[in-house]
Amino acid sequence: MSASRRSGTTDELGPGEPEPGGAELLAALLDGMDAALCAFDADGVVTHWNREAERVLGWSAAEAVGRRGLSGWAVRAADAAEIEGRLLSAMDAPGRQVHEFALVTKDGGRVLVRMQSAAVLGGDGKPAGVYCAFSEVHAQIDLERSIALSEALFENASWGVVLVDADLRPAVVNEHAARALGVGRTAVLGRPLADLLGQGVEELESALAHVLAEGAPPAPAELWVSVRAGGGQEDGFERRCWRSGFLRLASPLAEEPVPLGVGWLFQDVTEAKLTEQEASQLRFRSQQLHRAARAAAECEDPMEAATVQLDFALAGFADHALVDLVAGEDPVRLVRVAATPAGPPGPCLPVAMAGIPVRYPEGHPAPQCVERAGSVRASAGAASPERARAWAAARQWPPETAHALCAVLRSRGRTLGVVTFLRGPGRAQFERADATYAESVAPRVAASLDLAGAPGG
């Protein structure tokens, strides 16, 4: 008799006789519950006492079942009348009653419990007893804190929280994550991550699969992903950097850990990373200008000094460079004097074109740059490879060109020409910060060309 008396229990606490083996089944069910359970008949006699109750208080079912009330063993005698009265009052009250009080353990200790009690009706529909479920208050508080934390994470957290199932599909998403993904909280559920993200989805799925198999990494990871934009972004995506942490979720109810999925928490650190990259880029470009000045100072030939300046400027900035000098002003005519190879990137070298002007079409960025005395940017944008090659060919640029930046060459108040920086299709367009850098390179190149005797406009 593990958790109940074999005789009288069913008649007192429920209608009808149990099926053969019913008492054993009931005892097994009660013993398998995670909550501590006990029951009393209408006279206050203990009729059920499961194993969780044994664990919490130390009293076995054999010691508890059959006792009248809790006085003298499970509660202090001074408290017994009040506690038993509160428990048995559940027979006359609708629904469940919740109480908190101290019980006495077998070893004499005291434990504060939260107990829920409700009436058990007999076959005639009248109260025949009370059943009670109780747990240690600190355990209940821990549970409530866990629930409150979960709700706060999914409702009020200032970072994204996504629960990903074992198939790597979102199962639960908080409001912050839904906004970052650009979809509603319900629309994202069950969809492959590839439907939500562009570039970077493979790295994210690889990280999630690793966490499922091996556990969480020791430190957060910074993942660059492309998120569908609301508009105005190339190809409908915008690049974001998410600092991500991962937690493997396993069922607490299984004897062996059964993976339920991965908890993915992330913060958008794009602005900070871009600022960091810009600062690093500025440091590198400043160092390149310093190295270029030192290398150019050692050149005896001013034209060589100009091309050395461009070689240092190209590093990490552009794939190719062209230098055209002014040969006439109305209209503007430009003569090519230096260029990098048209194929793979290489050093900028002087070229001999016998003073023949480059046949630039009307509206070309290079003559515009001379006319405006300021930098001009141009790009093939999202054109197909065929159209991008045609775009470059029409502007007298190498076929692999997708983006261009022209900066005017001026020295001692005179416009000498224009330097054109070119990038291939796999690189980003020139931005305003790039124009600022080109405008800091151009005067150095122009000074060398002026010493070389270049004609002025």
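Above this text is the structure in question.
What counts as what
- Residues numbered from 1 in each chain as written.
- Predicted model: local features only at pLDDT ≥ 70, side-chain atom pairs only at ≥ 80, totals over all residues.
- Heavy atoms only, no water.
- Helix = DSSP H or I, 4+ residues; strand = E, 2+ residues; numbered from the N terminus.
- Buried < 20%, exposed > 50% of the residue type's maximum accessible area, 1.4 Å probe, protein only.
- Contact = heavy atoms within 4.5 Å.
- Salt bridge = Lys/Arg side-chain N within 4 Å of Asp/Glu carboxyl O.
- Expected span 1.5 Å × (residues − 1).
- Polar contact = N/O pair within 3.5 Å; in protein donor to acceptor, adjacent residues only side chain to side chain.
- Pairing = 2+ DSSP bridges.
- Axes fitted to C-alpha atoms, helices over the stretch in contact; angles between N-to-C directions.
- Disulfide = S-S within 2.5 Å.
- Parallel < 35°, antiparallel > 145°, perpendicular 65-115°, else oblique.
- Nonpolar A, V, L, I, M, F, W, Y, C, P; charged D, E, K, R; others polar.
- Phe/Tyr/Trp six-rings, centres within 6.5 Å; stacked < 30°, edge-to-face > 60°.
- Lys NZ or Arg CZ within 6 Å of the ring centre and 35° of its normal.

## Thoughts on the overall build of the protein
Here is step 1: Regarding its fold elements, the protein presents 13 helices and 16 strands.
Here is step 2: A buried classification covers 41% of the 457 residues belonging to the protein.
Here is step 3: In the protein, of all internal contacts separated by at least 6 residues, the share reaching a separation of at least 24 is 51%.

## Some points on the pattern of salt bridges
If the charged atoms of two oppositely charged side chains come close together, the side chains can form a pair.
Here is step 1: All told, the structure shown has 16 salt bridges when counted by the stated rule.
Here is step 2: Residue Arg-86 pairs with Glu-82 through a salt bridge whose shortest N-O separation is 3.5 Å. Of the two residues, Arg-86 and Glu-82 are both situated in helix H5 (residues 77-88); the distance of four residues between them amounts to about one turn of the helix.
Here is step 3: Residue class for Arg-86 comes out partly exposed when judged on its relative accessible area of 25%.
Here is step 4: Residue Glu-100 is joined to Arg-114 by a salt bridge in which the shortest nitrogen-to-oxygen separation is 2.5 Å. With Glu-100 in strand S3 (residues 97-104) and Arg-114 in strand S4 (residues 110-121), this residue pair connects regions lying 14 residues apart in the sequence.
Here is step 5: Of the residues examined, Glu-100 reaches a relative accessible area of 39% and is grouped as partly exposed.
Here is step 6: One connected set of salt bridges, linked through shared partners, spans Glu-222, Arg-243, Lys-273 and Glu-276.

## Some points on helix H10 (residues 302-314)
An α-helical segment advances 3.6 residues per turn. Residues three or four places apart therefore align on the same side.
Here is step 1: Over its 13 residues, H10 runs 19 Å from end to end, which matches the ideal 18 Å to within 8%, given 1.5 Å per residue.
Here is step 2: What H10 keeps buried is the set Met-303, Ala-305, Ala-306, Thr-307, Val-308, Gln-309, Leu-310, Ala-313 and Leu-314.
Here is step 3: Next to the buried residues of H10 lie helix H9 (270-297), strand S11 (320-329), strand S12 (332-339), strand S13 (349-350), strand S16 (414-423) and helix H13 (432-451).
Here is step 4: At the N-terminal boundary of H10, the capping side chain belongs to Asp-301, with an oxygen 3.2 Å from the backbone nitrogen of Met-303.
Here is step 5: Residue Gly-316 follows H10 closely and has a positive phi angle near 70 degrees.

## Brief notes about the environment of Pro-425
Here is step 1: Of note, Pro-425 is situated in the loop between S16 and H13.
Here is step 2: Between the C-alpha atom of Pro-425 and that of Pro-385, which follows or precedes it by 40 residues, the distance is 8.4 Å.
Here is step 3: Excluding residues within four positions of it along the chain, Pro-425 makes contact with Glu-400 and Ala-402.

## Side note on the sheet that holds strand S10 (residues 259-268)
Here is step 1: Spatial strand order, S7-S6-S10-S9-S8: five strands in an open sheet with antiparallel pairing. Here the strands that pair on one side only, and so sit at the sheet edges, are strand S7 (170-173) and strand S8 (221-228). Averaged over all neighbouring strand pairs, the angle between strand axes comes to 35 degrees, with direction disregarded.
Here is step 2: Pairing of strand S6 (residues 160-164) with S10, which is carried by five bridges, proceeds in the antiparallel orientation.

## Focus on the pairing of S6
Here is step 1: When you tally the buried positions in S6, you get four out of five residues, the bulk of the element.
Here is step 2: Pairing analysis gives three bridges linking S6 to S7, with the strands arranged antiparallel. Bridge pairing in S7 places Val-164 opposite Pro-170.
Here is step 3: Following S6, the chain reverses through five residues before pairing antiparallel with S7; Leu-168 in that reversal takes a positive phi of roughly 60 degrees.

## Points about the state of the cysteines
Linking two cysteines covalently through their sulfur atoms gives a disulfide.
Here is step 1: Taken as a whole and judged by the stated rule, the model has zero disulfides.
Here is step 2: A disulfide-free cysteine, Cys-369 has its sulfur positioned 5.7 Å from the sulfur of Cys-406, the nearest such atom.

## Some remarks on the side chain of Gln-309
Here is step 1: Looking at the element boundaries, Gln-309 is found in helix H10.
Here is step 2: Dropping the residues within four chain positions of it, Gln-309 is found in contact with Ala-292, Ala-293, Ala-296, Arg-444 and Val-445.

## Overview of the packing of H9 against H13
Here is step 1: Where H9 meets H13, the closest approach of the two axes is 12 Å, and the angle between their N-to-C directions is 10 degrees. Of the possible angle classes, the one that applies to H9 and H13 is roughly parallel. Only Ala-433, Asp-434, Tyr-437, Ser-440, Val-441 and Arg-444 of H13 make contact with H9, whose side of the interface consists of Arg-285, Gln-288, Leu-289 and Ala-293.
Here is step 2: Tallied by class, the residues present in the contact of H9 with H13 amount to five nonpolar, two polar and three charged.

## What to know about the environment of His-176
Here is step 1: Inspection of the secondary structure assignment puts His-176 in helix H7 (residues 175-181).
Here is step 2: The exposure class assigned to His-176 is partly exposed, which follows from its relative accessible area of 22%.
Here is step 3: Sequence separation between His-176 and Gln-267 is 91 residues, and the spatial gap between their C-alpha atoms is 9.4 Å.
Here is step 4: Those residues within four positions of His-176 in sequence are excluded, and the remaining contacts are Ala-157, Ser-158, Trp-159 and Gly-160.

## Structural notes on helix H8 (residues 201-214)
Here is step 1: Its 14 residues give H8 an end-to-end C-alpha distance of 20 Å, which sits within 8% of 20 Å, the value for a rise of 1.5 Å per residue.
Here is step 2: Buried residues along H8 sit against S6, S8, strand S9 (237-250) and S10.
Here is step 3: Looking one or two places after H8, you find Gly-215, whose phi comes out positive at around 110 degrees.

## Observations concerning the packing of aromatic side chains
Here is step 1: Evaluated as defined, the whole model comprises nine aromatic pairs.
Here is step 2: Pairing Phe-317 with Phe-421 gives two aromatic rings, centres 5.2 Å apart and planes at 80 degrees, and the pair type is edge-to-face. Here Phe-317, found in the loop between H10 and S11, pairs with Phe-421, found in strand S16; they are 104 residues apart in sequence, far enough to count as distant. Both residues of the pair, Phe-317 and Phe-421, count as buried.
Here is step 3: Between the NZ or CZ atom of Arg-67 and the centre of the ring of Trp-73, over which it lies, the distance is 4.8 Å.
Here is step 4: The lysine or arginine in question, Arg-285, covers the ring of Tyr-437, its NZ or CZ lying 4.7 Å from the ring centre.

## Some thoughts on unusual backbone geometry
Here is step 1: If you check the backbone angles, Leu-168 has positive phi at about 60 degrees while not being a glycine.
Here is step 2: On the secondary structure map, Leu-168 appears in the loop between S6 and S7.
Here is step 3: For Leu-168, a relative accessible area of 17% translates into the label buried.
Here is step 4: Positive phi is not limited to glycine here, since Arg-412 has a value of about 50 degrees.
Here is step 5: The exposure class assigned to Arg-412 is exposed, which follows from its relative accessible area of 69%.

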